[in-house]
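Remarks on the overall topology
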Amino acid sequence: MATRRRDWAAFAAVGTVAVCGAAWMASAWDDVRRGNGVSVDRETRSPEEIRRYWTPERIRQAEPADMPAWNPCDHFPSSLSPDCW
């Protein structure tokens, strides 16, 4: 009889930890989804207009834009991402 109670206590403890962990991860997932840093701009000009805009002079003066770097430790809570441990 004591063994059965111990089994149920262990089962209840594991179930509680699983439910609490799932709730915590679900609450943290919103932050991860919102902070991905991706933006999309649709170009409305025709290819001909774009080719006319990029004259040889403009191409020579063009400078590369800074590309965003994604650091998982900024977006994940530290316990969720093994890279941040």
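Let us look at the structure shown here.

Scoring rules and cut-offs
- Residues numbered from 1 in each chain as written.
- Predicted model: local features only at pLDDT ≥ 70, side-chain atom pairs only at ≥ 80, totals over all residues.
- Heavy atoms only, no water.
- Helix = DSSP H or I, 4+ residues; strand = E, 2+ residues; numbered from the N terminus.
- Buried < 20%, exposed > 50% of the residue type's maximum accessible area, 1.4 Å probe, protein only.
- Phe/Tyr/Trp six-rings, centres within 6.5 Å; stacked < 30°, edge-to-face > 60°.
- Lys NZ or Arg CZ within 6 Å of the ring centre and 35° of its normal.
- Patch = residues over 30% accessible without salt bridge, like charges linked within 9 Å, V, L, I, M, F, W, Y side chains within 5 Å.
- Areas by Shrake-Rupley, 256 points an atom, 1.4 Å probe, with all protein chains shown as cover.
- Salt bridge = Lys/Arg side-chain N within 4 Å of Asp/Glu carboxyl O.

Another aspect to go through is the overall build of the protein. Tallying secondary structure elements over the protein gives 4 helices and 0 strands in all. The buried share among the 85 residues of the protein stands at 7%.

This part is about the packing of aromatic side chains. Under the defined criterion, the tally for this structure stands at 2 aromatic pairs. Plain terms: the ring middles of Tyr53 and Trp54 are 5.2 Å apart, the flat faces sit at 90° to each other, and that makes the pair edge-to-face. Looking at Trp54, the relative accessible area reads 42%, which means it is partly exposed. For the cation-ring pair, Arg45 lies above Tyr53, with the distance from its terminal atom to the ring centre recorded as 5.8 Å.

What follows is about a nonpolar patch on the surface. Residues Tyr53, Trp54 and Ile59 make up a contiguous nonpolar surface patch of about 320 Å² in total accessible area. Mapped onto the elements of the fold, Trp54 is located in the loop between helix 2 (47-53) and helix 3 (56-61).

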